[in-house]
Amino acid sequence: MNSEDSLEQRLRQAEAAREGSYDKRTEHLDEQGRALFINRLILEDSPYLLQHAHNPVNWYPWSEEAFETALAEDKPIFLSIGYSTCHWCHVMEVESFDNVEVARLLNKHFICIKMDREQYPDLDEIYMAGVQLMSGQGGWPMSSFLFADGKPFFGATYFPPPTFMDLLNRIVDAWQGQRQDLLNSAESVDNAIKRLLGTRADKAKLNDSVHETTVQALLEREDKTLGGLAGAPKFPQEPLLLFMLDQAARHEDNECLAFVCRALDGMAQGGIYDQVAGGFHRYSVDAQWLVPHFEKMLYNQSQLALIYLRAWQLSGDDLYQRVLRQTLNYVLRDMEAPQGGFYSATDADSEGAEGLFFVWTPAELAAAVSEDDYKLLEFVFDISERGNFEGANILMQRERLDRLAEQWGKDFYSRLDTVLASLYKVREGREHPLRDDKRIVAWNGDMINSLALAALQTGEQSWLQAAESAADSIIVNNTQTDGSLLRINLDGDCSIAGQLEDYAHFVSALVSLFDATGKPDYLQHAAQLSDYVLNNFYDEQAQTLYLSPDKFQGPMLVRSVNAGDGATLSPVAGMLMNLLALEQRCAFLGDNFEIRGRRYQAVAEQLLAGLAAMVNEQPLGHSSMLRAYSQFQQGLYFGLAWAGQGRARLAVKRDREHCTADSLQLSLQVTLMPGWHLNADADNSPAGLQSLAVDLVGDSWQLESVQMPATTTLDLGEMGKVQALSGSLELPLKLQRRAKAEGKAGFVCLQVRLQLCEPGRCLLPQTLHLLI
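Residues numbered from 1 in each chain as written. Predicted model: local features only at pLDDT ≥ 70, side-chain atom pairs only at ≥ 80, totals over all residues. Heavy atoms only, no water.

1. Digging into the overall build of the protein chain
Next up, step 1: Each helix and strand in the protein chain was counted, giving 24 helices and 31 strands.
Next up, step 2: Radius of gyration (C-alpha) of the protein chain: 28 Å, near the 28 Å computed for a compact globule of 772 residues.
Next up, step 3: In the protein chain, buried positions account for 58% of the 772 residues.
Next up, step 4: Nonlocal contacts in the protein chain, meaning residues at least 24 apart in sequence, comprise 69% of its contacts between residues at least 6 apart.
Next up, step 5: As presented, the protein chain carries roughly 31200 Å² of accessible surface, and 47% of it is formed by carbon and sulfur atoms. (Helix = DSSP H or I, 4+ residues; strand = E, 2+ residues; numbered from the N terminus. Rg over C-alpha atoms; globule rule 2.2 N^0.38 Å. Buried < 20%, exposed > 50% of the residue type's maximum accessible area, 1.4 Å probe, protein only. Contact = heavy atoms within 4.5 Å. Areas by Shrake-Rupley, 256 points an atom, 1.4 Å probe, with all protein chains shown as cover.)

2. Section: the packing of helix α13 (residues 318–335) against helix α17 (residues 412–427)
Next up, step 1: For the pair α13 and α17, the least separation of the axes is 15 Å and the interaxial angle reads 25 degrees. Considered as vectors, α13 and α17 are oriented roughly parallel to each other. The handedness of the crossing between α13 and α17 is right-handed. Two secondary-structure elements touch here, α13 through Leu319, Arg322, Gln326, Arg333 and Asp334 and α17 through Tyr413, Leu416, Asp417, Leu420 and Tyr424.
Next up, step 2: Broken down by class, the residue content of the contact of α13 with α17 amounts to five nonpolar, one polar and four charged. (Axes fitted to C-alpha atoms, helices over the stretch in contact; angles between N-to-C directions. Parallel < 35°, antiparallel > 145°, perpendicular 65-115°, else oblique. Left-handed = near helix turned anticlockwise from the far one by under 90°. Nonpolar A, V, L, I, M, F, W, Y, C, P; charged D, E, K, R; others polar.)

3. Let's talk about the sheet that holds strand β14 (residues 486–490)
Pairing between the strands of a sheet comes from backbone hydrogen bonds, and it takes one of two forms, parallel or antiparallel.
Next up, step 1: Sheet architecture is open: three strands sit in the order β13-β14-β15, paired in antiparallel fashion. In this open sheet, the two edge strands, each paired with only one partner strand, are β13 (439–440) and β15 (493–497).
Next up, step 2: The pairing of β13 with β14 spans two bridges and is antiparallel. In the sheet register, Ile440 faces β14, and the bridge partner there is Ile488. (Pairing = 2+ DSSP bridges.)

4. Comments concerning helix α21 (residues 520–536)
Next up, step 1: An ideal rise of 1.5 Å per residue puts 24 Å on 17 residues; α21 measures up with 24 Å between its terminal C-alpha atoms.
Next up, step 2: Inspection of α21 places Tyr522, Leu523, His525, Ala526, Ala527, Leu529, Ser530, Asp531, Tyr532, Val533 and Leu534 among the buried residues, and these make up the whole buried set.
Next up, step 3: The secondary structure elements touched by the buried residues of α21 are α19 (461–477), α20 (500–517), β16 (538–539), β17 (544–545), α22 (571–585) and α23 (593–617). (Expected span 1.5 Å × (residues − 1).)

5. Topic: the packing of aromatic side chains
For any pair of aromatic rings, the description consists of the separation of the ring centres together with the inter-plane angle of the planes.
Next up, step 1: Taken as a whole, this structure holds 32 aromatic pairs when the rule is applied.
Next up, step 2: Ring centres 5.1 Å apart and planes at 35 degrees place the aromatic pair Phe147 and Trp175 in the tilted group. Of the two residues, Phe147 is situated in the loop between β4 (142–146) and β5 (152–156) and Trp175 in helix α7 (residues 161–177); the sequence distance between them amounts to 28 residues. Trp175 matches Phe147 in its accessibility class, with the two residues each being buried. (Phe/Tyr/Trp six-rings, centres within 6.5 Å; stacked < 30°, edge-to-face > 60°.)

6. A look at the pairing of β5
Next up, step 1: In terms of residue burial, β5 counts as a mostly covered element, since four of its five residues are buried.
Next up, step 2: Of the strand pairs in this sheet, β4 and β5 are connected by four bridges, and their pairing is antiparallel. Bridge pairing in β5 places Leu146 opposite Pro152.
Next up, step 3: Between β4 and β5, which pair antiparallel and follow one another directly, the connecting turn spans five residues, one of which, Gly150, has a positive phi of 90 degrees.

7. Observations regarding helix α8 (residues 179–198)
Next up, step 1: For α8, spanning 20 residues, the distance from its first C-alpha to its last is 27 Å, which sits close to the expected 28 Å at 1.5 Å a residue.
Next up, step 2: When α8 is considered as a whole, its buried residues turn out to be Leu182, Ala186, Val189, Asp190, Ala192, Ile193 and Leu197.
Next up, step 3: In this structure, the buried residues of α8 make contact with α6 (121–135), β5 and α7.

8. Remarks on the pattern of salt bridges
Next up, step 1: Under the counting rule described, the total for this entry stands at 42 salt bridges.
Next up, step 2: One salt bridge connects Asp166 with Arg170, and the closest N-O pair in it is separated by 3.1 Å. Here Asp166 and its partner Arg170 are both found in helix α7, four residues apart, which amounts to about one turn of the helix.
Next up, step 3: A relative accessible area of 42% means that Asp166 is categorised as partly exposed.
Next up, step 4: Because the salt bridges share partners, they merge into one network encompassing Glu8, Arg12, Glu15, Glu19 and Lys24. (Salt bridge = Lys/Arg side-chain N within 4 Å of Asp/Glu carboxyl O.)

9. Description of the sheet that holds strand β25 (residues 712–715)
Next up, step 1: Read from one edge of the open sheet, three strands run β22-β26-β25, paired in antiparallel fashion. The open sheet has two free edges, formed respectively by β22 (678–679) and β25, since each of these has just one partner strand.
Next up, step 2: Relative to strand β26 (residues 721–725), β25 runs antiparallel, the two being bridged by four bridges. Bridge pairing in β26 links Thr712 to Ala724.

10. Quick notes on the side chain of Arg439
Next up, step 1: Here Arg439 shows up in strand β13.
Next up, step 2: With no salt bridge to any partner, buried Arg439 finds its closest opposite charge in Asp491, at an N-O distance of 6.5 Å.
Next up, step 3: From its side chain, Arg439 meets the backbone oxygen of Gly340 in a polar contact 2.8 Å long.
Next up, step 4: Beyond its immediate sequence surroundings of up to four residues, Arg439 is in contact with Ala337, Gln339, Gly340, Gly341, Phe342, Tyr343, Asn444, Ser473, Arg487, Ile488, Asn489 and Gly492. (Lys, Arg positive; Asp, Glu negative; His and termini not counted. Polar contact = N/O pair within 3.5 Å; in protein donor to acceptor, adjacent residues only side chain to side chain.)

11. A word on the confidence of the model for the protein chain
Next up, step 1: Averaged over all residues, the pLDDT of the protein chain equals 93, while 98% of them reach at least 70.
Next up, step 2: Low confidence marks residues 682–688, where pLDDT is under 50. Its contacts with residues over four positions away, or in another chain, come to four contacts. (pLDDT = per-residue confidence, 0-100.)

12. Points about the packing of α22 against helix α24 (residues 623–633)
Next up, step 1: Between α22 and α24, the least distance of the axes is 8 Å, while the angle of their chain directions is 15 degrees. Taken together, the axes of α22 and α24 are roughly parallel relative to one another. Helix-helix and strand crossings are classified by hand; for α22 and α24 the assignment is left-handed. Contact residues: α22 offers Val572, Ala573, Leu576, Met577 and Leu580, while α24 offers Ser624, Met625, Arg627, Ala628 and Phe632.
Next up, step 2: In the contact of α22 with α24, the residues fall into eight nonpolar, one polar and one charged.

13. A short note on the environment of Leu725
Next up, step 1: Relative to the assigned elements, Leu725 resides in strand β26.
Next up, step 2: Distance from Leu725 to Trp312, taken between C-alpha atoms, is 34 Å for residues 413 residues apart in sequence.

So this is what it looks like as structure tokens:
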């Protein structure tokens with residue numbers, strides 16, 4: 001048996017083993033329905049790669065084998081990068097990659113590599129930079145042509161078949177007759193990629209005005225009518241929204257908060273939001289948030305859930321809480337794996353058409369509900385026979401639901417939810433879009449983080465249980481004996497070395513789980529993963545965090561040090577904030593915790609110093625880094641903070657039953673570690689205890705009263721007896737809105753000053769700010 005026959009046999013065995021677990025997306029089937037073609041992608045654990053396993057193209061996965069073959073056969077490499085829920089990736093698959101004529105040309109003259117960008121975001125970033133440098137734009141499917149050393153000499157995105165065939169023939173001619181020109185092009189592009197992604201600017205001081213100028217730049221670019229940045233297409237832009245929320249909270253800035261609220265209102269009313277099931281599509285193709293690109297990505301759900309949570313906390317707008325609940329409940333219902341964790345995405349297409357699963361004709365709606373309920377649908381949504389998308393209707397609210405509720409009258413929300421539940425049930429009977437079942441550590445980390453923080457604020461236990469189940473699944477299945485992470489879990493098989501974003505987002509999730517549950521194992525695991533990052537991703541001499549692991553298959557043109565945001569939040573900024581968070585909680589990390597805490601703090605300071613010049617130069621692209629600088633310089637915590645490296649836990653809650661628009665009742669809870677106390681004045685003066693004082697920041701509210709807890713006598717042996725506070729303390733607070741505060745953002749920022757002591761020493765005083 002020759003090597004080709006042996007490979008064919010191995011691939012057919014893999015096909016038989018996978019039978020029924022994936023769709024054979026090809027028109028080339030025999031009379032028994034068996035695929036005529038098969039390639040190496042059948043061995044892979046990516047739903048996207050498996051979609052191409054029966055193309056007539058002789059695909060390789062990204063591997064040493066592919067590059068060695070290209071070198072041995074002196075052929076250029078065609079690298080096609082996409083993802084499973086990408087509409088135009090499917091179009092090019094059907095038009096070109098399942099086309100025998102195109103495949104014949106590719107197989108004869110090229111070594112063809114198919115890559116799932118969600119498996120290798122570091123490589124995707126590199127080749128996307130190349131495509132953008134060569135063509136001036138980027139997107140997926142990404143089509144690059146490389147030498148066997150991985151350097152690209154040409155790149156673009158989607159091609160229709162005639163154009164693609166013509167391009168392939170021209171590249172073959174150039175390969176045979178103008179090789180040096182291609183080499184020169186590859187060298188030029190490679191150098192540009194290295195400068196773009198691998199160069200760190202000289203150290204500098206962060207400009208004092210950079211936050212303010214970034215805010216002004218965003219306000220100038222805003223679509224003040226529809227929300228979001230002006231123009232189309234419109235993406236949620238989660239990093240920018242989180243930055244503006246952070247600025248609103250730190251400065252009681254109504255303009256920043258209004259910027260966020262206009263975007264959240266526009267999305268919640270629009271077609272980018274799934275009005276029936278909850279959850280968000282990836283982006284809107286128009287400026288009105290009406291027509292989405294219909295795929296639903298896990299990272300959008302996690303990031304937008306966090307933004308709606310924070311906006312609800314700052315604004316008190318219950319519509320944001322409604323969207324938060326609908327989004328998280330959608331994820332738990334439709335995206336959670338039975339064994340714990342969350343699937344990565346659902347497709348835009350079903351039955352061969354984009355968006356078909358999500359749209360309605362008036363007749364379909366009328367058949368799904370009663371006549372009276374149909375009137376409610378017409379009242380809430382713009383519905384017409386002509387439709388707003390290819391003859392059908394994407395459901396879009398006519399205006400904000402609270403305004404519609406005022407017009408409709410009582411039972412509006414309960415009745416609307418009942419009607420939407422009926423539509424959901426009918427819609428479930430349709431053919432569903434493909435779901436990508438791989439579980440990605442980074443995206444799961446983001447989802448765990450949002451669930452844990454939302455549970456902490458709302459007390460919703462189902463969210464916390466789902467977050468713990470997902471985290472425990474990653475700890476058990478994706479963690480290797482050396483402490484490293486594997487990025488992907490598909491059907492129980494884990495693969496692909498973890499990237500910095502996997503560590504950064506999962507560490508953040510574990511810290512939030514510790515805060516929500518009080519279980520120190522989560523924090524200890526977060527610290528272990530962070531130590532692995534510092535040993536394997538951090539270059540101490542260059543004071544740089546790399547995005548890629550230090551071991552990889554195939555060529556790596558550059559280990560990117562890009563600290564900017566993309567579709568997801570910057571992993572460099574995320575890791576920075578993780579180090580600060582771990583330092584603040586390191587008393588739970590066992591022996592030598594102070595040494596570990598100092599290391600976390602030192603590395604964070606080094607990274608901040610090294611990144612300032614880049615942030616000064618491109619602040620809009622580094623909005624998560626701007627939040628990291630603010631957190632380092634000022635500190636600000638939503639409802640929960642730690643003092644004394646974790647020796648004291650501070651949490652503030654609102655007594656919603658006794659709150660009005662002009663008065664608030666809060667409870668500040670301070671929990672001290674055993675052996676630690678707060679010294680108190682002997683006379684327990686009205687100004688507050690000597691080492692515990694509470695005040696307010698901002699102009700909106702005034703502190704009417706603070707009920708200080710009773711002190712106890714603490715015997716310190718030879719040092720004598722002192723009046724002190726220890727254990728768990730509760731301070732009821734009463735607040736009154738100031739008359740001059742009309743028009744202010746109106747949220748509450750508590751300033752708590754405390755000094756922790758143990759027999760024989762006191763720590764330096766700390767001042768913490770907690771938002772509620």
